[in-house]
Amino acid sequence: MKKVLEGSHAVAEAVRLARVQVISAYPITPQTHIVEILSDYVTTGKMDAKYLRVESEHSCMAALIGAQSTGIRTFTATSSQGLALMHELLHWASGARLPIVMAEVNRALAPGWNIWNDQTDSLAQRDTGWIQLYCEDGQEVLDTTIQAYRLAEIVNLPAMVVLDAFYLSHTYEPVDVPDQDEVDRFLPPYKPAFILDTKHPYSLSPLVTPNAYMEMRYDIAMAMDDALGQFDRVEEEFAMIFDRRYGAVEAIDCDDADIVFVTSGTVTSTGRLLLEELRPRGEKVGVLKIKLFRPFPVEAVRRALGKAKKVVVVDRNFSFGASGIFAQEVRAAICNVPGHPPIFGYIAGLGGRDITVQLLEEIYFDVKGSATPRKESIWVGLQEVNRAT
Amino acid sequence: MQLDALDKELMCSGHVGCPGCGATIAMRFVLKALGEKTVMVLPACCWSVIAGPFPQSSLRIPVIHTAFETGGATASGVRAALDMKGDTETTVITWAGDGGTFDIGFQALSGAVERNEDFIYACYDNEAYMNTGIQRSSSTPYGAWTTTTTGADWKKLRKKNIVEALVAHRIPYAATANIAFPEDLIRKVKKAKAIKGSKFLHIYASCPTGWRIPSEMSIKIARMAVQTNIFPLYEVENGVNYTINYKPKEYLVREYFKLQGRFRHLKDTDLDQIQEMVNEDWWLLLRKAGEHA
Ligand SMILES: Cc1ncc(C[n+]2csc(CCOP(=O)(O)OP(=O)(O)O)c2C)c(N)n1
Ligand code: SF4
Ligand SMILES: [Mg+2]
């Protein structure tokens, strides 16, 4: 049924439809709408679940690790400082092979206090062994959350569904909310092999000596690699029932493009408008949307960028001492392809500053006029900065 | 002596605790009292190692090892999930050291108890971070040497009173227990198991390695801790009803301190001062229990 929903509400609907049994969360703007709705669902019986109102995000993730270890489905949502506080337990969840799903609302990290959109929070967690899926609109948020459970439970790894603060979390859009029986057909009950069970008293996550640790890590690495192929399979199954699919990446007008923009999150929508603006003027420009960030879809990225003369990566995030994080990943993906195009890294929109079509157009003509990148990262839309000495 | 507990051992031989380890004795009695329908949450501590390396375990119950500061939180999640599965019968117990309880895990513990989660939180107290090599914790007593309170810098701060902190939460049940008093310990574990909501057990567990005592002195010293009023045996219901379980005849703390290498540097004047502290704490407890010395 089509409904007009906030991005946050789309997440909550998906969690309800996934028949999650334990939810735990700690409030942080702009994640709050998600958890308020879910709290209400549990209170009013719209969901048959427990809602643990814990005293911190750290405890939240610990509680979910405990809950999921009994063989039930769990959910949380957080943002920024909250995700950073969870860091230790993000590693724990993947190491313990628990397919916990969380919604992560991309918000800037302090200081200064800033509740607006910025991707550095989730990207800083890229090495924690979580699948990461970046969404563009409300429908994709709902669909991806349901798919995340399926994918996570196949490979026994946790998954993060990432959505932009406000641009997505607080924006109302028409969203098709599927029926429960359709979702049930797509998402079978969770049945893990090892659980906390007094009849079969396993010890979970015990001390592991150098004799076995490396093999366990290798198994996680294999599972993460496997998630790449499984993602396509999950999308296939999803499309058969719901007739919607997104792709690990989406190449928009890339086939004949000289310059391809690499985007993620809602900036992709701005990129689509850029194409509408520039294509009629004869500019050969394309957009490559990256949805699946972990595991990184290296082959798909190589294929999509194979014909481009120049690649532009727009990063709403930054790794100090290095560059934009998507730019790093794209460089790493194509560096072994002979004759690969140069990568132009642009930093834009940090801490919720708008990324407009005009800004992307400026970037486009800047790149068109440069044979090679002037710098590793070009910060755009920057006011003059008095640097502290 | 016949104990009112399972004959079956839920803790096996082959554990890797030090000889004379009080924490292993405590575990053995507690599991005998709880029985097989028990799930254990085990944050980082000596017991993370004592339990044995993958793929072995010295415990015949399901165990979830978890991060150091998450004992209260992980147990909350396990409880919630078991309840959702319709299993309200299985006991969930967190088994943590003093560091994981008094210090880094205190927030998660306080949160769980404020929510009155239905579980037992057992802290085996060896009065320092033993797993990492005998560093001081807020449970380390006044006067003690540890590897981070050495020489003239021996600990000059009092031990945190953890039971009183829990009592301030109006926890349904809080009790102290001691490995040298197994009947009392087992009775308290069984009592805790039968009560709904959060329960806290503070179990004195001597540590030959960290305290610089011979392993065969483990129980003797544990008994003396009670006899000297250094570690009184008592229980508190609903944050108000105090019962003192054992009233020793005047023993001097001096005897207890003289036996342990960790207190070797203390002078008689230090011991006099400690005696006063212990007396003061005991009077305070008597007052709370409505008794007078
Ligand atoms: C976040 C974090 N910090 C530090 C450690 C290292 N660490 C593991 S066990 C431990 C001390 C445990 O002390 P306690 O809880 O008293 O248990 P004991 O080892 O004395 O039995 C420490 C500091 C850790 N595992 N996690
Ligand atoms: S160090 Fe102490 S607590 Fe740890 S195993 Fe040895 S005796 Fe037991
Ligand atoms: Mg200790």
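Residues numbered from 1 in each chain as written. Chains lettered and ligands numbered in written order. Predicted model: local features only at pLDDT ≥ 70, side-chain atom pairs only at ≥ 80, totals over all residues. Heavy atoms only, no water.

All names here are of chain A. Parsing chain A into structural domains produces domain 1 (2–242) and domain 2 (250–379). Taking the mean C-alpha position of each, domain 1 and domain 2 sit 28 Å from one another. Contact residues are listed per partner, giving 26 residues for domain 1 and 30 residues for domain 2. Interface area for domain 1 against domain 2, summed over the two sides, is near 2400 Å², with a carbon-plus-sulfur share of 52%. Taken as a group, Arg-126, Glu-136 and Tyr-167 account for 31% of the area that domain 1 buries against domain 2, more than any other trio of residues on that side. Taken together, the connections running from domain 1 to domain 2 amount to five salt bridges. (Domains from an automatic or database assignment. Contact = heavy atoms within 4.5 Å. Buried area = accessible area lost by both parts, 1.4 Å probe. Salt bridge = Lys/Arg side-chain N within 4 Å of Asp/Glu carboxyl O.)

Moving on, we come to the pattern of salt bridges. All names here are of chain A. Applying the stated criterion across every chain, the model contains 51 salt bridges over all chains. Put simply, Arg-245 and Glu-236 hold a salt bridge, and the shortest N to O gap is 3.5 Å. Overall, Glu-236 belongs to the partly exposed group, its relative accessible area being 41%. Residues joined by salt bridges that share partners form a network here, namely Glu-136, Glu-140, Glu-250, Arg-272, Lys-289 and Lys-291. (Buried < 20%, exposed > 50% of the residue type's maximum accessible area, 1.4 Å probe, protein only.)

Right, let's get into the environment of Val-226 of chain B. Residue and element names in this part refer to chain B. With respect to the helices, strands and loops of the structure, Val-226 is situated in helix α9 (residues 218–227). Classification of Val-226 as buried rests on a relative accessible area of 1%. Distance from Val-226 to Ala-177, taken between C-alpha atoms, is 9.4 Å for residues 49 residues apart in sequence. Apart from the residues within four sequence positions on either side, Val-226 is in contact with Asn-178, Phe-181, Phe-231, Leu-233, Tyr-246 and Pro-248. (Helix = DSSP H or I, 4+ residues; strand = E, 2+ residues; numbered from the N terminus.)

The next thing to look at is the site of ligand 1. In the region of ligand 1, 18 residues are neighbours, and Gly-99, Gly-100, Tyr-124, Ala-128 and Asn-131 of chain B sit closest. The residues that come close to ligand 1 belong to more than one chain, namely chains A and B. In this structure, Met-130 of chain B approaches ligand 1 through a main-chain N or O atom, which is 2.9 Å from an oxygen atom. In the complex, the protein chains occlude 77% of the 590 Å² of accessible area that ligand 1 would expose alone. In terms of residues, the shell around ligand 1 owes the most to one element, helix α4 (residues 98–103) of chain B, which gives three residues. Its residues assigned to classes, the shell around ligand 1 shows nine nonpolar, six polar and three charged. (Near = heavy atom within 4 Å. Polar contact = N/O pair within 3.5 Å; in protein donor to acceptor, adjacent residues only side chain to side chain. Areas by Shrake-Rupley, 256 points an atom, 1.4 Å probe, with all protein chains shown as cover. Nonpolar A, V, L, I, M, F, W, Y, C, P; charged D, E, K, R; others polar.)

Before going further, it helps to examine the site of ligand 2. In the vicinity of ligand 2, the contacting residues are Gly-17, Cys-18, Cys-21, Cys-46, Ile-50, Asn-126, Met-130, Cys-207, Pro-208 and Thr-209 of chain B. At the level of elements, α2 (46–50) and α8 (208–211) of chain B are the ones that each hand at least two residues to the shell around ligand 2.

Residues and elements named next belong to chain A. Along the polypeptide, Asp-143 turns up in helix α7 (residues 138–155). The buried category is assigned to Asp-143, whose relative accessible area is 0%. Leaving out residues up to four positions away in the same chain, Asp-143 has contacts with Phe-238, Arg-244 and Tyr-246.

Turning our eyes to something else, we now look at the sheet that holds strand β9 (residues 203–204) of chain A. Across the sheet, nine strands lie side by side as β9(A)-β2(B)-β1(B)-β3(B)-β4(B)-β6(B)-β5(B)-β7(B)-β8(B); this open sheet has mixed pairing. Single-partner strands in this sheet number two, and they are β9 of chain A together with β8 (241–244) of chain B. In terms of strand pairing, strand β5 (residues 173–178) of chain B meets strand β7 (residues 234–237) of chain B through three bridges, oriented antiparallel. Residue pairing in the sheet places Ala-175 of chain B in a bridge with Glu-235 of chain B of β7 of chain B. (Pairing = 2+ DSSP bridges.)

Moving on: the packing of aromatic side chains. Residue and element names in this part refer to chain B. Going through the model one piece at a time under the given rule, you end up with 23 aromatic pairs over all chains. The interplanar angle of 85 degrees and the centroid separation of 6.3 Å between the aromatic rings of Phe-119 and Tyr-121 together place this pair among those described as edge-to-face. Geometrically, the ring pair formed by Tyr-204 and Trp-211 is edge-to-face, given 5.5 Å between the ring centres and 65 degrees between the ring planes. For the pair Tyr-204 and Trp-211, one class covers both residues: buried. (Phe/Tyr/Trp six-rings, centres within 6.5 Å; stacked < 30°, edge-to-face > 60°.)

Residues apart from glycine generally show negative phi values, whereas peptide bonds are mostly found in trans. The step from Thr-29 of chain A to Pro-30 of chain A runs through a cis peptide bond, and the omega angle for that step is 5 degrees. Phi at Arg-97 of chain A is positive, roughly 60 degrees, even though this residue is not glycine. When you line up the elements, Arg-97 of chain A lands in the loop between α5 (87–95) and β5 (101–106). Here Asn-116 of chain B, not a glycine, exhibits a phi torsion of approximately 50 degrees, which is positive. As for its placement among the helices and strands, Asn-116 of chain B is situated in the loop between α5 (106–114) and β4 (119–125).

Bringing the pairing of β8 of chain B into the picture now. Residues and elements named next belong to chain B. What you see with β8 is a clean split: Tyr-242 and Ile-244 sit on the buried side and Asn-241 and Thr-243 on the side with no burial. Pairing analysis gives four bridges linking β7 to β8, with the strands arranged antiparallel. Note that in β8 the partner of Tyr-234 across the bridge is Ile-244. Taken together, β7 and the strand that follows it, β8, pair antiparallel across an intervening segment of three residues, in which Asn-238 is found at a positive phi of about 55 degrees.

Before going further, it helps to spend a moment on the packing of helix α3 (residues 57–68) of chain A against α5 of chain A. Residues and elements named next belong to chain A. Their axes nearest at 9 Å, the elements α3 and α5 cross at an angle of 15 degrees. In terms of orientation, α3 lies roughly parallel with respect to α5. Relative to α5, the crossing made by α3 is left-handed. Between α3 and α5, the contacting residues are His-58, Met-61, Ala-62 and Ile-65 on the first element and Glu-88, Leu-89, Leu-90, Trp-92 and Ala-93 on the second. (Axes fitted to C-alpha atoms, helices over the stretch in contact; angles between N-to-C directions. Parallel < 35°, antiparallel > 145°, perpendicular 65-115°, else oblique. Left-handed = near helix turned anticlockwise from the far one by under 90°.)

Right, let's get into the interface of chain B and chain A. With 37 residues of chain B at the interface, the matching set in chain A holds 38 residues. For the pair chain B and chain A, the summed buried area comes to about 2800 Å², and 67% of that belongs to carbon and sulfur atoms. Three residues, Phe-54, His-65 and Met-84 of chain B, lead the burial of chain B against chain A; their summed loss comes to 22% of the area buried on that side. A salt bridge links Lys-50 of chain A to Asp-83 of chain B; its shortest N-O distance comes to 3.8 Å. Between chain B and chain A we count nine residue pairs in polar contact (both at pLDDT 80 or more) in total. Of all the secondary structure elements, the ones that give two or more residues to the side of chain B that touches chain A are β1 (38–43), α2, β2 (63–66), α3 (71–84) and α5 of chain B.

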